[in-house]
Amino acid sequence: MTAQPKFLKILNVVTVLFLAAAILMVFLYAPIEAVMGLVQKVFYFHVAAGWTGMLGFFVAFVAGIIYLITHKRIWDIVGLAGVEIGLVFMLICIITGSIWARPIWNTWWTWDPRLTTATIMELVYAAYLMLRQGIEDPDRRARFGAVYAILGFLSVPLTFFSIRIFRTIHPVVIGGSDPNATGSFDMTAKMLQTFMFSLVTFSILFVDVLWHRIRMGKFADQLEQLKMRLLA
Amino acid sequence: MNQVTPFLRAMGAVVWKDLAAEWRSRELLSAMLVFALLVILIFNFALELDPVGRANITAGILWVTFTFAGTLGLNRSMAVEKDRGCLDGLLLAPVDRTAIYFGKALANWIFMLAVAAIVLPVYSVLYNINLFNPGLLLVILLGSEGYVAVGTLLATMSVQARTRDILLPILLFPVAIPVVVAAVKASGNFLSGLEFIEIQPWLNLLIVYDVIFTAVSFMTFDAVVEE
Amino acid sequence: MIEVRSLVKRYGPKTVLRGLDFSVTEGEFVALLGPNGAGKTTFLRILSSLSRQSLGEVKIAGFFLPNQSAAVRRRLGVVSHLPLLYGDLSAFENLHFYGRMYGVDGLNARIAEVLDLVGLTARRRDLVRTFSRGMQQRLAIGRAILHDPDVLLLDEPHTGLDQDACTMLDEVLRQVAVRGRTVVMTSHDLSRAQDLASRFDVLTRGRISASIQQSGLAADGLLAFYRQTLEESSQSAKETRPA
């Protein structure tokens, strides 16, 4: 196992610092929202996590395309890393969305387009992992993963639109409030700054975790090769 | 002698082969049909609606039926190839891989439409609703095309995995949600006699989905069957 | 007719074929022998264009794999231990389908010819799922030669057949091969291989470790030759294993 490259070590430190700063900003710097109170602060992490989730899936989409063209193993590792990380962050997004919804609208769930699409995306990528699990041959696993990552990512905007049109024509409300108003509130300058900062922080966190995960993937490969050589 | 057998001839051969084999055994169609009718029956008891309520969710019931029966058909259609090694037989032929894809997809589409052709009259009779609506038929055509286009590709993948049978629905349903949502809404709207202009966004969505996913499916089919 | 140079095939971290060299001249009938897991099926799948090599050069009938695979496939006939036939179609319909896929001219006449060659003319309208395994294999050979290929690849064709069926199969194979076709056959059945082939290669641990012509064998010689090759191969494996 090679040691962490210098950049990665620096990035680790930077990530931790940014995270600490972001948390401080959210709780101390950003004002408490008039209508919703303290729980509104969940929003900063909720959106950032969702953004990172999408980022992970986008990385998997691009990595999938590149893998199909080049057949280089590293892109399969990148794709898998993207999905795994995206899955976790999207889950955080969904859960924080739920936490936010409860006190505001007195319901654990709103079927609004964004949240619903996020959940469906989560299912798509869980399916991706199940697909990979069912295949022995590494090359086939990589190819199938790449194809499904592409299909999955392309289906997301269409899913979003289909549910959005669904909601505007039939504003069926389950749980007693307007699902389109995802807690709309006007952001003051301080809130906006905090929001942008959390976005940036989560993006840095994403890159850091992605890098670590890719390294892990490469080590796992090396381990497999060593094992094979010993058994041969 | 030409190196590659002409595309349409190869595709036609695959379609003819699937239809002829199915006509002999009728295994696939009968399984899909029985299943579809069972689903409709279960809905009848599970939902216990008065006639008015039923009219509102006819579209939903129909499409749930189609999607589940469709999955059965897709699975079987590819499993037949895999089990006797026939997929290899197809890949050994000097034909463009996409001809195989389109042949299978077209055959699967025909099967799904055949099921619809029987389910619609049966449903009409059972629930005293007139389902012979040209708009509805259009939606069934568009919706099933998109579903089958992606489904054929995903079935080819799932049939090569260990967890074969449960994998196809898991892979297909999340990705097919736009089709199902759009098809259900459009069908329901046509049945309630809404203006065409109101239904148009749904039809547009269906067409966009069909185009994108048919394209992506046949472009990536090669990667899914080669070794 | 077949030229293979430094063929390597990897499945992830596992290397199955390690720099395999193999060459067959036109009209030769080569039996490829070897223990399970040596890579025979993998090798045959690469030759039949179903699988892609990781490294190395494969040339069949003057065309390269994988870039010119369509041209190669047109000149290849493949029989595997799976029937590759559609049970719900008749013998005639199966051949008709494959004939169309291969773009065979004068299809009906050709089908009649082939059915006659494999002795299944009487059963042409019967569904393949009613055929015994031996009959299915004969039909499979018919399918393989329908488009008059230059090269025939057979992967353990005698698997699952009883003695009579094997004898019938061998008859067909001799008739089919005698037309100057190049044949590569993998087999576990040494006595049958000895009857059919003109050359015997042994594949162990991802490489051809020995090759011998029919003329170089004694009466019961193949078994002895095979055993000896395996012995030598596992010896050298023990020597090269890292401590």
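Residues numbered from 1 in each chain as written. Chains lettered and ligands numbered in written order. Predicted model: local features only at pLDDT ≥ 70, side-chain atom pairs only at ≥ 80, totals over all residues. Heavy atoms only, no water.

K.L.:
Break down unusual backbone geometry for me, with residues and values.
P.N.:
Residues and elements named next belong to chain C. Each neighbour pair has its own omega, and for Leu65 with Pro66 the value is 0°, a cis peptide bond. A positive phi angle, near 55°, is found at Asp148, a position not held by glycine. Secondary-structure assignment places Asp148 in the loop between helix H5 (133-145) and strand E7 (151-155). Residue Asp148 is classed as partly exposed on the basis of its relative accessible area of 43%. (Helix = DSSP H or I, 4+ residues; strand = E, 2+ residues; numbered from the N terminus. Buried < 20%, exposed > 50% of the residue type's maximum accessible area, 1.4 Å probe, protein only.)

K.L.:
Could you give me a rundown of the packing of helix H3 (residues 73-105) of chain A against helix H6 (residues 189-231) of chain A, with the residues and numbers involved?
P.N.:
Residues and elements named next belong to chain A. In contact at an axis separation of 9 Å, H3 and H6 are set at 135° when each is read in the N-to-C sense. Comparing the axis directions of H3 and H6 gives the class oblique. H3 and H6 meet at a crossing whose hand is right-handed. Note on element contacts: H6 touches H3 through Phe202, Leu205, Phe206, Val209, Leu210, Arg213, Ile214, Gly217, Lys218 and Asp221, opposite Arg73, Ile74, Ile77, Val78, Leu80, Ala81, Gly82, Glu84, Ile85 and Phe89. Residue composition of the contact of H3 with H6, grouped by class: 13 nonpolar, two polar and five charged. (Axes fitted to C-alpha atoms, helices over the stretch in contact; angles between N-to-C directions. Parallel < 35°, antiparallel > 145°, perpendicular 65-115°, else oblique. Left-handed = near helix turned anticlockwise from the far one by under 90°. Contact = heavy atoms within 4.5 Å. Nonpolar A, V, L, I, M, F, W, Y, C, P; charged D, E, K, R; others polar.)

K.L.:
Go over the interface of chain B and chain C with me, naming the residues and quoting the values.
P.N.:
Taken together, the contact pairs 32 residues of chain B with 35 residues of chain C. Across the chain B/chain C interface, buried area totals approximately 3200 Å², and carbon plus sulfur atoms make up 57% of it. Together, B:Arg84, B:Leu92 and B:Glu227 form the three largest contributors to the area buried by chain B at its contact with chain C, with a combined 26%. Counting the contacts that link chain B with chain C gives three salt bridges. Of all elements in the fold, only helix H1 (7-25), helix H3 (51-83) and helix H4 (86-92) of chain B reach the threshold of two or more residues within the side of chain B that touches chain C. Sorting elements by how many residues they give to the side of chain B that touches chain C places H1(B) first, with eleven residues. In terms of residue class, the side of chain B that touches chain C is made up of 15 nonpolar, seven polar and ten charged. (Buried area = accessible area lost by both parts, 1.4 Å probe. Salt bridge = Lys/Arg side-chain N within 4 Å of Asp/Glu carboxyl O.)

K.L.:
Describe the side chain of C:Arg110, with residues and values.
P.N.:
All names here are of chain C. Looking at the element boundaries, Arg110 is found in helix H4 (residues 107-117). On the basis of relative accessible area, Arg110 is assigned to the buried category, the value being 14%. Arg110 has contacts with Val104, Ile145, Leu146, Asp148 and Arg181, leaving out every residue within four places of it along the chain.

K.L.:
Please provide a residue-by-residue account of the interface of chain A and chain B, values included.
P.N.:
Interfaces are frequently sized by the accessible area removed from exposure as the parts join. At the junction of the two partners, chain A supplies 31 residues and chain B supplies 30 residues. Here chain A meets chain B over a buried area of about 2800 Å², counting both sides, of which 75% is carbon and sulfur. On the chain A side of the interface with chain B, the three residues burying the most area are A:Phe144, A:Leu151 and A:Leu158, jointly 21% of the side's total. At the junction of chain A with chain B, the criterion picks out one salt bridge. Between B:Arg162 and A:Glu136 there is a salt bridge, with its nearest N and O atoms 2.4 Å apart. Our enumeration of links across chain A and chain B arrives at seven residue pairs in polar contact (both at pLDDT 80 or more). (Polar contact = N/O pair within 3.5 Å; in protein donor to acceptor, adjacent residues only side chain to side chain.)

K.L.:
Go over the pairing of E7(C) with me, naming the residues and quoting the values.
P.N.:
Residue and element names in this part refer to chain C. Of all five residues in E7, five are buried, a share of seventy percent or more. Of the two faces of E7, the one lined by Val151, Leu153 and Asp155 and the one lined by Leu152 and Leu154 are each fully buried. Sheet topology places strand E6 (residues 76-79) next to E7; four bridges connect them, and they run parallel. Bridging from a neighbouring strand, Gly77 pairs with Leu152 of E7. Bridging between E7 and strand E8 (residues 182-186) involves five bridges; their strand directions are parallel. The residue of E8 that forms the bridge with Val151 is Thr182. (Pairing = 2+ DSSP bridges.)

K.L.:
Describe in detail the pattern of salt bridges, supporting the description with residues and values.
P.N.:
In a structure, side chains of opposite charge can pair up when their charged atoms sit close to one another. Under the counting rule described, the total for this entry stands at 26 salt bridges over all chains. Two residues, B:Arg24 and C:Glu93, come together in a salt bridge whose shortest N-O distance is 2.6 Å. Residue B:Arg24 is located in helix H1, and its partner C:Glu93 is located in helix H3 (residues 91-101); the two belong to separate chains. Given the relative accessible area of 33%, B:Arg24 is considered partly exposed. The closest approach of N and O atoms between C:Glu28 and C:Arg199, which form a salt bridge, is 3.2 Å. Residue C:Glu28 is found in the loop between strand E2 (14-24) and strand E3 (29-33), and its partner C:Arg199 is found in strand E9 (residues 199-204); the two are separated by 171 residues along the sequence. The burial state of C:Glu28 is the same as that of C:Arg199; both residues are buried.

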